[in-house]
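An overview of the molecular structure
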Amino acid sequence: MAVDPVCGMYVDEATSTLKAVVGGRTYYFCSTTCMETFLEPEKERKRLRALVLFSFALGVPAFLLSLAMELRWTPDPWMIPLTFVVFLLATPVQFGPGLRFYRGTLDAIRNKSANMDVLIAMGTTAAWGYSTGVLAALLLGVNVDPSTYYDTGAIIIALILLGKYFEELAKGRASEALRKLMDLQPRTAKVLRERREEEVPVELVEAGDIVVVRPGERIPVDGAIAEGFASIDESMITGESIPVDKVAGDAVIGATINRSGLLKIRATKVGKDTTLSQIIQLVEDAQVSRAPIQRIADRVASVFVPAVIAAATIAAAYWYVLGFTSWRATLGGYGIHSPVTSALFVFVAVIIIACPCALGIATPTAIMVGTGKGAELGVLIKGGEYLEKAERLTAIVFDKTGTLTKGKPSVTDVAPMAGATAERVLELAASAEKGSEHPLGQAIVRRAVEAGVPVHDPAEFEAIPGQGIRATVDGASVLLGNRRLMREAGIPLEPAEPTLDRLEREGKTAMLLAVDGRVAGVIAVADTLKEHSAAAVSALKRMGLRVVLLTGDNRRTAEAIGRQLGIDEVLAEVLPGQKADKVRELQARAEVVAMVGDGINDAPALAQADVGIALGSGTDVAMEAGGIVLLKDDLRDVVAAIRLSKRTV
């Protein structure tokens, strides 16, 4: 079954007669209304493309002929016939593709406002009308200046339509990028109803339903694990290539892949409320939002249009009353022989010169292209306002866990003692932890598997809350845990203390391994840096930004991470409610602040910051609070977002 790209319902390709091919892909629809809604932007792009080609096809020859006549490259007897040819070329552009500007002018008059359509319509009509008057005079044998402005109106219309076409292309690219994500959504779901498993279209899944997901299948909806344990591949949403271990109570995202384990998931978000649908909504919101700079352009236009008309009227009045008398001899050389003709000439000249190609199209097109390009790069910008603010940033604040770091522990050090080898220490520790659900134990097992160290089944296993574990491996009594576990077992720690102190100063969690009553080694586990964190921080510092690390972790761990990244300003042991206060303090020092985070505890700071940048791998709350969302779990996209804003604004 295929997904209707408009309403999200599922359609049987075999029976559906409503389908369309766009961009080389076939889409199926549940109704004519959905198909027309989907195809409307494509139809508009095709209409604009045709109008642009038509305008340039006639406007460019009109321009070249007008230029040749103005520079006297053509014989004088050809002047009138060629002017008539230019009239025939420009008139279809003026009242064909240019018709939309007349409609916009009528709408502005009805709304008692002035917009760019008014000035474009006035300017091009004045050029066409004046030129037609000159052509009529020439045909009647009247001695007038033969210069005309047909080409001016035609080229202005062509250029503005070209800008609108680029705008539509940018919209289409942004929507297409996210539509590909939506295609990842499973089409059916296995739902438990009355203790029976039923396969139903995913749009029939309701919040609270229990959905069964087997290994290798995609999770159909957002939800929480009600039963089971699995590794979930969230790379298509977060960009994180390593599957994430999930247990009962953990949240899962629709369209991600269950790599191992049978799961029963309680649906929490379905339909338009899923993560994928929210991401699409972010882009749609960005397309219709207006940046302050764009609103300024609109306000300027509302004042500029009446001002231009007033200036043209004043200039025409001057030339009617005084100018013609003062410059009669000069004007006669241009074929202007009366006050009325001079006033009309000046009025038309002012209107044509003021016609604002750039002001009308440059700002909205730049914002649209910027947000569209961001979507292609996996940087979702909720609105032009954030694109503009990102260009003025002076400070950027990073959350630590899950943002700069991977958010899950990894083994960083294996220090053998008492004649043991590193491989033997890792083998005994991993064997003791085999089957453990504790994140630190799983990290040790992962490291052993990655290193090719054999992992055995423990003969006995006991988890001791708050201390560690006790197990029997290959007939040896193994303890793995903290100092308290060793002290209560009566095992001397003096040989291990220097190593423990060093690792703990580095912000790592150090675990002691004892075998048959003697310390055999120390294993350190830490939340390690993401692959590109250091590169991103370095690039931001080179851009002249003040980089701050903000975390609720203890100061020792936070400062260790700061040293690794080259971040000198570290704010540690900050409660979630205080994070926004820290951002506010920076703003009070005249800093324009961006906050980068991924968790619920980051949401207040994301909302307080001038620009909140949320990781797509984070929580919905963080994504809602952020003005920019990074789809990929790559902090280099923070740098890309800021560079994009600078190039756009």
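Parameters and conventions
- Residues numbered from 1 in each chain as written.
- Predicted model: local features only at pLDDT ≥ 70, side-chain atom pairs only at ≥ 80, totals over all residues.
- Heavy atoms only, no water.
- Helix = DSSP H or I, 4+ residues; strand = E, 2+ residues; numbered from the N terminus.
- Buried < 20%, exposed > 50% of the residue type's maximum accessible area, 1.4 Å probe, protein only.
- Contact = heavy atoms within 4.5 Å.
- Areas by Shrake-Rupley, 256 points an atom, 1.4 Å probe, with all protein chains shown as cover.
- Salt bridge = Lys/Arg side-chain N within 4 Å of Asp/Glu carboxyl O.
- Patch = residues over 30% accessible without salt bridge, like charges linked within 9 Å, V, L, I, M, F, W, Y side chains within 5 Å.
- Axes fitted to C-alpha atoms, helices over the stretch in contact; angles between N-to-C directions.
- Parallel < 35°, antiparallel > 145°, perpendicular 65-115°, else oblique.
- Nonpolar A, V, L, I, M, F, W, Y, C, P; charged D, E, K, R; others polar.
- Pairing = 2+ DSSP bridges.
- Core = buried A, V, L, I, M, F, W, Y, C linked by side-chain atoms within 4.5 Å.
- Phe/Tyr/Trp six-rings, centres within 6.5 Å; stacked < 30°, edge-to-face > 60°.
- pLDDT = per-residue confidence, 0-100.

Before going further, it helps to spend a moment on the overall build of the chain. Along the backbone of the chain there are 23 helices and 26 strands. The buried share of the chain, taken over its 649 residues, is 49%. In the chain, 63% of the contacts between residues at least 6 apart in sequence involve partners at least 24 apart. Of the roughly 29700 Å² of accessible surface on the chain, 57% is carried by carbon and sulfur atoms.

Quick look at the pattern of salt bridges now. In total, this model carries 23 salt bridges according to the counting rule given. Of the charged contacts in the structure, one is a salt bridge between D107 and R110, with a shortest N-O distance of 2.9 Å. Here D107 and its partner R110 are both found in helix α3 (residues 99–110), 3 residues apart, which amounts to about one turn of the helix. On the accessibility criterion, D107 (39% relative accessible area) is partly exposed. Of the charged contacts, one joins R424 and D474 as a salt bridge, the two residues approaching to 3.8 Å between their closest N and O atoms. Here R424 is found in helix α14 (residues 422–433), whereas its partner D474 is found in the loop between β18 (468–473) and β19 (476–481), with 50 residues between them in sequence. We classify D474 as exposed; its relative accessible area is 51%. Each of D413, R502, E506 and K508 takes part in salt bridges that share partners, so that together they form one network.

A word on a nonpolar patch on the surface. Residues V60, F63, L64, L67, L71 and W73 make up a contiguous nonpolar surface patch of about 570 Å² in total accessible area. Mapping L71 onto the fold places it in the loop between α1 (32–70) and α2 (79–95). Classification of L71 as partly exposed rests on a relative accessible area of 42%.

Look at helix α18 (residues 533–542) against helix α23 (residues 636–648): their axes get within 8 Å of each other, and the N-to-C directions meet at 30 degrees. The pairing of α18 with α23 is recorded here as roughly parallel in orientation. Between α18 and α23, the residues in contact are A536, A539 and L540 and R636, V638, V639 and I642, respectively. By residue class, the composition of the contact of α18 with α23 is 6 nonpolar, no polar and 1 charged.

This part takes up the sheet that holds strand β13 (residues 263–269). Read from one edge of the open sheet, 6 strands run β6-β5-β7-β13-β8-β11, paired in antiparallel fashion. Looking at which strands have only one partner, the edges of the open sheet turn out to be β6 (196–201) and β11 (251–252). Inspection of the sheet shows strand β8 (residues 222–227) paired to β11 by 2 bridges, in the antiparallel sense. Across the sheet, the residue bridging to G223 is V252, located in β11.

In this structure, I396, F398, L540 and V638 are the most contacted members of the largest nonpolar core, which totals 36 residues. Broken down by element, the residue count for this core peaks at 5 residues, all from α23. Residues contacting F398, with those up to four places away along its chain left out, are T403, L404, V537, L540, V547, V548, L549, L550, V596 and L635. Formed by 25 residues, the second largest nonpolar core is a distinct cluster that contains L82, F87, F101 and Y150.

What follows deals with the sheet that holds β18. Read across the sheet, 6 strands follow the order β16-β21-β20-β19-β18-β17 without closing on themselves; strand pairing throughout is antiparallel. Two strands in the sheet have a free side with no partner beyond their single neighbour: β16 (405–416) and β17 (460–464). Taking each pair of neighbouring strands and ignoring which way they run, the sheet shows an average axis angle of 20 degrees. By the bridge criterion, 5 bridges tie β17 to β18 in an arrangement that is antiparallel. Residue pairing for β18: E462 is matched across the bridge by R470. Contacts from α14 reach β16, β17, β18, β19, β20 (509–515) and β21 (518–529), with the element oriented near 105 degrees to β18.

Before going further, it helps to spend a moment on the pairing of β13. Here strand β7 (residues 210–213) pairs with β13 via 4 bridges, running antiparallel. Of the residues in β13, the one forming a bridge with I210 is R266. With 5 bridges connecting them, β8 and β13 associate as antiparallel partners. Its bridge partner lying in β13, I225 is registered against I265.

Applying the stated rule across the entire model yields 6 aromatic pairs. Both rings, one in F95 and one in Y102, keep their centres 6.0 Å apart while their planes meet at 5 degrees; by these two values the pair is stacked. A residue is classified by how much of its surface remains accessible, and F95, at 42% relative accessible area, is partly exposed. When its relative accessible area of 22% is taken as the criterion, Y102 is described as partly exposed. Relative to W128, the ring of F95 has its centre 5.0 Å away and its plane inclined at 90 degrees; by these criteria the two rings are edge-to-face. Placement of the pair is F95 in helix α2 and W128 in helix α4 (residues 116–139), with a sequence separation of 33 residues. W128 sits in the buried class, given a relative accessible area of 19%.

Moving on, we come to the environment of S436. With respect to the helices, strands and loops of the structure, S436 is situated in the loop between α14 and α15 (439–451). Expressed as a C-alpha distance, the spacing of S436 and I469, which sit 33 residues apart in the sequence, is 9.6 Å. Here S436 is in contact with G441 and Q442, once residues within four sequence places are set aside.

Another point: the environment of E206. Along the chain, E206 falls in the loop between β6 and β7. E206 sits in the exposed class, given a relative accessible area of 52%. Each C-alpha atom, one on E206 and one on R266, is 9.6 Å from the other, the two residues being 60 residues apart in sequence. With near-sequence residues (within four places) excluded, E206 lies in contact with A267 and V270.

Here the focus is the confidence of the model for the chain. Mean pLDDT over the chain: 80, with 83% of residues reaching 70 or higher. Ranking the elements of the chain by mean pLDDT puts helix α22 (residues 620–625) last, at 55, and β7 first, at 93.

Positive phi is not limited to glycine here, since A418 has a value of about 55 degrees. Its identity is not glycine, yet A590 carries a phi of approximately 70 degrees, on the positive side. Assignment of secondary structure puts A590 in the loop between α20 (576–588) and β24 (593–597). Take A590: its relative accessible area is 65%, and that puts it in the exposed class.

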